[in-house]
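Chain and residue survey
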Amino acid sequence: CSSDLLRDAIDPADGRIHTTYRQSGAATGRLASDSPNLQNIPVRSEEGRQVRKAFHAPPGHVLLCADYSQIELRVLAHLSEDAGLLDAFHRGLDIHAAVAAQVFGGRAEDVSRDQRNQAKTINFGIIYGISAWGLARRVGDLNYDGALALISDYKRRFPGIDRFLQACIRQATDHGYVTTILGRRRNIPEIHSTNGNTRGLGERLAINSVIQGSAADLIKLAMVNLHRRIVAGNLPMRLLLQIHDELVLEVPDGDAPAMAEVVREEMERAMALRVPLVADVGTGRDWMTAK
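The sections below set out a description of the structure shown in this document. Here the structure is a predicted model, which means the values were calculated and not measured.

So, the packing of aromatic side chains
Under the defined criterion, the tally for this structure stands at three aromatic pairs. On the basis of an interplanar angle of 85° and a centroid distance of 5.3 Å, the ring pair of phenylalanine 55 and tryptophan 287 is categorised as edge-to-face. Of this pair, phenylalanine 55 sits in the loop between α2 (46-53) and β5 (61-68) while tryptophan 287 sits in helix α12 (residues 287-290), placing them 232 residues apart in sequence. We classify phenylalanine 55 as buried; its relative accessible area is 17%. Tryptophan 287 sits in the buried class, given a relative accessible area of 0%. Note that arginine 185 overlies the ring of tyrosine 177, its terminal NZ or CZ placed 4.0 Å from the centroid.

Focus on unusual backbone geometry
Cis geometry is found at the peptide bond from serine 35 to proline 36, where omega equals 0°. Examined against the element boundaries, proline 36 turns out to sit in the loop between β4 (32-34) and α2. With phi around 55°, serine 35 is a residue other than glycine that occupies positive phi space. Turning to its location among the elements, serine 35 is positioned in the loop between β4 and α2. Taking relative accessible area as the criterion, serine 35 reaches 56% and is therefore assigned exposed.

A few points about the layout of surface pockets
Each pocket or cavity is described by its volume, and for the largest pocket that value is around 900 Å³. In terms of lining, the largest pocket is formed by 29 residues, of which the most central are Arg30, Arg44, His244, Asp245 and Lys291. Those elements that place two or more of their residues in the lining of the largest pocket are β5, α3 (71-80), α6 (113-127), α10 (196-233) and β8 (238-243). No other element matches α10, which puts four residues into the lining of the largest pocket. Across the lining of the largest pocket, the residue classes break down as 13 nonpolar, seven polar and nine charged. Empty space within the second largest pocket amounts to approximately 700 Å³. Along the walls of the second largest pocket sit 24 residues, with Gly15, Arg16, Ile17, Phe55 and His56 positioned nearest its centre. At the level of elements, α1 (3-8), β2 (16-17), α2, β8 and β9 (246-252) are the ones that each hand at least two residues to the lining of the second largest pocket.

Analysis parameters
- Residues numbered from 1 in each chain as written.
- Predicted model: local features only at pLDDT ≥ 70, side-chain atom pairs only at ≥ 80, totals over all residues.
- Heavy atoms only, no water.
- Phe/Tyr/Trp six-rings, centres within 6.5 Å; stacked < 30°, edge-to-face > 60°.
- Helix = DSSP H or I, 4+ residues; strand = E, 2+ residues; numbered from the N terminus.
- Buried < 20%, exposed > 50% of the residue type's maximum accessible area, 1.4 Å probe, protein only.
- Lys NZ or Arg CZ within 6 Å of the ring centre and 35° of its normal.
- 1 Å grid on protein atoms, 1.4 Å probe; cavity = no way out; pocket = protein on both sides within 12 Å on 5 of 7 lines; lining within 4 Å.
- Points joined across faces, edges and corners; volume = space filled by probe spheres on them.
- Nonpolar A, V, L, I, M, F, W, Y, C, P; charged D, E, K, R; others polar.

So, in structure tokens, the structure goes:
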């Protein structure tokens, strides 16, 4: 989404950019944004940060950004019921350091940056059904055999996760579809392919669809509950954007602290999971500062 396209998308009637959200735009159940796509503005690059600075609140208002902390890993912990992962979240540990400590041995506070980064890559890779080849490509100085051993150690230390992954694949194989936490289905025809690569894709889709799809269920539920509370209480805030696990709202300056707590409450109690839900909330004059 280039800055030129965004400039062209400004509505002269109100000086705002209006995106279109589509319920069926993503197979996992995530909302999809287009014309223009406001979910695709990067936050890690300098260009992306400058673009986000261009989105600012009107006079007397601030933007309020709230996003779930490690939501897909929390969903994974809930669905897998893995004791180690549940314990790490309940203790409020740095989840990547905690996983690294389990896989490599030792204490979480003693793991090296490289070990934490490897654990982080596995944690997020598990959500997408990462293979040893895929892990080796993503982690520097790690060959195929090392990646295979790392994944094997991970699965041994967190057996509940592997049981859950296999259950996702088994559901897709037996029924041709998988279901999210709220029962929404996604058909996985690739799982029955005679082509090994296509079948492997089906297995990855089965895993990802359950985890990412359940996270999508959660943020949608939070949005609906928050909207109802805004309407019922005539609260001074407007929900502007949803970027997967993040909500962006507009609130008057003086009401920002109270409205931040409302948003946090609705996001953190949207579902009762086996681990606590945590929403990080920030405010600022522009999108970059608020984030």
